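Structure assessment
Chain by chain, the residues:
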Amino acid sequence: MNGKNLFNVLLAAVVTALLTQAVGWLGLLVVAMLWGVLQKDLASSPIQAGLGAALGWLLLLVQNDPSAFYSFARVLSGALGIPAPALVLVTLLIPFALTWSMTILSTRARGWLRK
Amino acid sequence: MTARGRTIIAAIVFVLAMSFTVAGVGRIPPLGALLNPVTGAWALAGKPELPDEQVAIPGLKNPVKVIFDDRAVPHIFATTEEDAYRALGYVVARDRLFQMELQSRATAGTLTELIGTRAFPADSVSRALGLAAAADRKFAAMDKDGKSALALDAYADGVNAWIDRMTARDIPIEYRLLNRRPSRWEPRYTSYFLMRMSLTLGYNDASQRRLRMQSLVGAAAADALVPVNSPIQEPIQPNGQSAPRYDFRKLPPPSAPDTNALRVSEAREQMLDALMVFGHRLPSGDGVGSNNWAVAPSRSLSRHAILSGDPHLDLTLPSVWYEAHLSVPGKLDVAGVTFPGVPGIVIGFNRDIAWTFTNAQADVNDFYAETVDDAARPSKYLLDGTWLPLQKRVEKFRAPGGNVFRTDTTLLTHRGPMRKIRGRWLSLRWTALEPSGEMDCFIGAMHAKSVDEWLAAMQSYKAPIQNGLVADRGGNIAIRATGLYPVRPGSGRGDIFFDGSKSASDWKGFLPLEREPFAKNPSQGYLASANQQPIDPRLTRDYFGSDWYSPWRAMRINRDLRADSAFTPDKIRRMQLDPGSARADAFVPILLEAARAEIAAGRGDRELKTSEKFLAEWDRQYTKSSRQAAFFELVMDQVNLRTWDELVTPGDSARGSPVNVPEQSVLLELMSDPGSVWWDNRGTRDIVETRDMILAESMRAALRQGIKSYGDPGSAKWEWSARRKANIRHLLRINSFSRLGIPIQSGPSTIAPSTEDGVHGPSWRMVVELGPEIRAWGVYPGGQSGNPASAFYADRISKWSNGELDQLLFPKTSAQIPDSRISSRLELRKQ
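Note that this is a predicted model, so its numbers are computed, not measured.

To continue, consider the pairing of strand 31 (residues 765-770) of chain B. Residues and elements named next belong to chain B. By the criterion of burial, strand 31 is predominantly enclosed, with 6 of the 6 residues buried. Where burial is concerned, the two faces of strand 31 agree: the one with Arg-765, Val-767 and Glu-769 and the one with Met-766, Val-768 and Leu-770 are both buried. Here 5 bridges tie strand 7 (residues 305-310) to strand 31, and the two strands are oriented antiparallel to one another. Bridge pairing in strand 31 links Ile-306 to Glu-769. Hairpin connection, strand 31 to strand 32 (residues 774-779): the antiparallel pair is bridged by 3 residues.

This part is about the side chain of Arg-299 of chain B. Residues and elements named next belong to chain B. With respect to the helices and strands, Arg-299 occurs in the loop between strand 6 (291-295) and strand 7. Asp-564 provides the closest opposite charge to the buried, salt-bridge-free Arg-299, at an N-O distance of 6.7 Å. A polar side-chain atom of Arg-299 sits 2.9 Å from the main-chain carbonyl oxygen of Asp-564. The contacts of Arg-299, once residues within four sequence positions are left out, are Gln-524, Gly-525, Tyr-526, Leu-561, Arg-562, Asp-564, Ser-565, Ala-566 and Phe-567.

So, about the sheet that holds strand 13 (residues 353-359) of chain B. All names here are of chain B. Taking strand neighbours across the sheet as the criterion, the 11 strands line up as 1-34-2-3-10-11-12-13-21-22-26 in an open arrangement whose pairing is mixed. Edge positions in the sheet fall to strand 1 (53-57) and strand 26 (518-520), since each has one partner strand and no second. Sheet twist, expressed as the mean angle between neighbouring strand axes with direction ignored, is 15 degrees. Note: strand 2 (residues 64-69) against strand 3 (residues 74-77), 4 bridges, orientation antiparallel. Paired with Val-66 across the bridge in strand 3 is Ile-76. In the packing of helix 14 (residues 438-447) onto the sheet, the strands contacted are strand 11 (332-338), strand 12 (347-350) and strand 13, and the crossing angle to strand 13 comes to about 145 degrees.

Turning next to helix 19 (residues 606-616) of chain B. All names here are of chain B. Turning to helix 19, its buried residues number three or more, namely Leu-608, Ser-611, Glu-612, Phe-614 and Leu-615. The buried residues of helix 19 occupy one face: seen down the axis, they fall within an arc of 165 degrees. In helix 19, the exposed positions angled more than 90 degrees off the buried face are occupied by Arg-606 and Lys-613. If you follow the buried residues of helix 19, they end up packed against helix 18 (582-603), helix 20 (628-643) and helix 22 (691-710).

What follows covers the environment of Gln-628 of chain B. Residue and element names in this part refer to chain B. Locating Gln-628 in the fold gives a position in helix 20. Its relative accessible area of 13% is what places Gln-628 among the buried residues. In the structure, Gln-628 is positioned 477 residues away from Ala-151 in sequence and 53 Å away in space, judged by C-alpha atoms. In contact with Gln-628, not counting residues within four places along its chain, are Phe-614, Glu-617 and Trp-618. There is a polar contact of 3.4 Å between the side chain of Gln-628 and the backbone oxygen of Phe-614.

Quick look at the interface of chain A and chain B now. Counting from both sides, the interface comprises 35 residues of chain A and, opposite them, 33 residues of chain B. The junction of chain A with chain B conceals about 2,800 Å² of combined surface from both sides, 81% of it contributed by carbon and sulfur atoms. On the chain A side of the contact with chain B, Trp-25, Phe-72 and Leu-76 of chain A bury the most area, a combined 21% of that side's loss. Linking chain A to chain B there are 4 residue pairs in polar contact (both at pLDDT 80 or more). Among the secondary structure elements, those contributing two or more residues to the side of chain A that touches chain B are helix 1 (3-23), helix 3 (45-62), helix 4 (66-80) and helix 5 (84-114) of chain A.

The rules behind the values
- Residues numbered from 1 in each chain as written.
- Chains lettered and ligands numbered in written order.
- Predicted model: local features only at pLDDT ≥ 70, side-chain atom pairs only at ≥ 80, totals over all residues.
- Heavy atoms only, no water.
- Buried < 20%, exposed > 50% of the residue type's maximum accessible area, 1.4 Å probe, protein only.
- Helix = DSSP H or I, 4+ residues; strand = E, 2+ residues; numbered from the N terminus.
- Pairing = 2+ DSSP bridges.
- Lys, Arg positive; Asp, Glu negative; His and termini not counted.
- Salt bridge = Lys/Arg side-chain N within 4 Å of Asp/Glu carboxyl O.
- Polar contact = N/O pair within 3.5 Å; in protein donor to acceptor, adjacent residues only side chain to side chain.
- Contact = heavy atoms within 4.5 Å.
- Axes fitted to C-alpha atoms, helices over the stretch in contact; angles between N-to-C directions.
- Arc of directions from axis to C-beta.
- Buried area = accessible area lost by both parts, 1.4 Å probe.

Structure (structure tokens):
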């Protein structure tokens, strides 16, 4: 990953964190649409947006007290009947999947609109 | 991959991700809201623990200061009582909102609306009994300008103020998992909770056990096996004796099975099963029980009265109790524990008195066989030759979405709800459904300044009947088993089956207060109760119940109290976790005597000698390291199995064990008659067994079973800590929110009895010394917070399991709380 890509991922992470604070998980869709519309690198921008969104959520999860997060992960995963690592993975997979797919769809929509 | 293919894959991923995020799958709630790191379940992990806050809430007359100490106990300083209750509602809701709603819904029979249709059986029971309808009647009958109604209103205001102020990140985890939102709190829900406690504590029906045994061994034998009076007399109301009295008689021999009684019994058993909440029966007598005792100044080292409270209930997380202190200068200054949902302290102390309760185990419900006009669709029932209309109550059960998924009709006679079981219509009368005003009593009790004032405040208390123990700074101690005791026709007994077609079967009234079990300042210098028979039957002819728990705990407590005149709070604390057992003291010598007699008679094989030696080494203490405690319990299981073979239902070869066994005090009674025909095993035609043969064989079998299950008797698997553990389950039975497998000291019939499943036990332990300044200690198994991510969720369990108590802060002013012990400050202001 080159410096520009890394910057884009970090930017997406920050924007995701801010938008999630503001409007909840719907912020992921906003990030994806922004990336889909604004980014020109069609090959890498969906991945950047997805990774950035997942990173944004990870930062929000551990921002207060990482140890409390890790111990609560065991408790919460037990309630849902899945292992703790799987729960963390699912928590990060959601922003990745939503943002990655929505970015691709936004990019396609942009193309259709241009035509 | 082509752009088109990539788009198709993205579309599929998007649809799948959105469906999980927005709608959830099966029981999994929508993941977007659940896993959102800012406002979802994860937010609970990062939620600040008891932040300093200033909050404006509606209805408040003056500002209220709430200081949370280092145990997360709120000390509420208000200028009016209503403001104090309002603040209590606010802080309890902040900590226990889901628990409060779950409890009120359990009474209302609307759990299905919160947790889904799987809760239908529990709701069905609540609706069939008419719990909410009765609670609504009690609430409607309250004086709307009276102290209780005002307290309920203020408390509800406080709860709703929290609900209104709550942000998304404050929503309890359970609501998130269920994808529900909290409902608003209504003042009547306090009545619902008190009704729930009546179902938990005031629903005792020995007549079923008696009928079942009558069907197998005849009426005379059943009367002896399920006796009205305990064979061991160690009553709550002192009887002038300085030791237990053994009223042992020879048990009448079993007679031929009574098939009619068997049929009736099976029908009633099915009804009782239907009435059990969550399919959970209370465990048998030796595993459950609350205790309370108080010593007068003459028996304490400091020459001040000391009171001990040790109520046992189901162990849950969060706990059934919540600790609080309410201070209103010149009016109220009280601390202790409250039930979430109840405005006030239920067990605790003020500046002058301390009080606590145990359950009275009284017989307060009866069943009536009704004659109806149409067995399939009855509309009338017969009473004294006249057909009377049945009342109908239509019950609609709703799923979480609000749609009605089932409609039932409850029929009612003038006695109460009626149900059809195996072709028979049975109605129920139960004191909990009668008009009553328990809240007035609790409010009055908190304000009492002496034992006499407390007794006066509690005299109109109805249900569930409680052994209320109180002590004051003047050195007075008193106990009274207060509540509604039905007066029945005929013999007065309630452990029988009533004919519903006659009004003569109905209750004649209720026992007057002056005939309730009572004692004040007895010459013995102490008072104690442990769910045993309250009055020596030689002193009264009144019927209070039957089939009483064996008084092992009372015997142990009274033995200790009689033996000491220099009690300290710490000695009292140690008593609460006493691993000794009056039951073991009673049975072990007989078992050893039987084994030695068999050995002396030449029937002593290696197994019996090993068993005898192993048991003889026991100090009869249920300590965590004891191996013999586990062996003794195996032996007693075998003794019950082999002795009561007459109580195995004919044809029940699959189970092969008695469906009901008599209380252990009856077994001890039988042990005093070594040649009784009850010892003979009906399955062995060529041998007539004696007591010693049965006991010896039980010891052999127990040793074989123990070795098979736990290995060599030297193995750690025999240790009591490996055999008996406390299991403190979350209210929704979520294991990761529970604390399971906690090793404990104590066993069946010890002062802190434990059950095999470990879900029942000491729910709050308290010791109060009533000197010039009140000093109090306490602990419950859990923590103040209902949030599983909180440090205060289960922080007290370790101390609880070790038998330790925390000293309870009881400051007169907020300034008296040292800064080092303050967790946070909450200021409530007028909105």
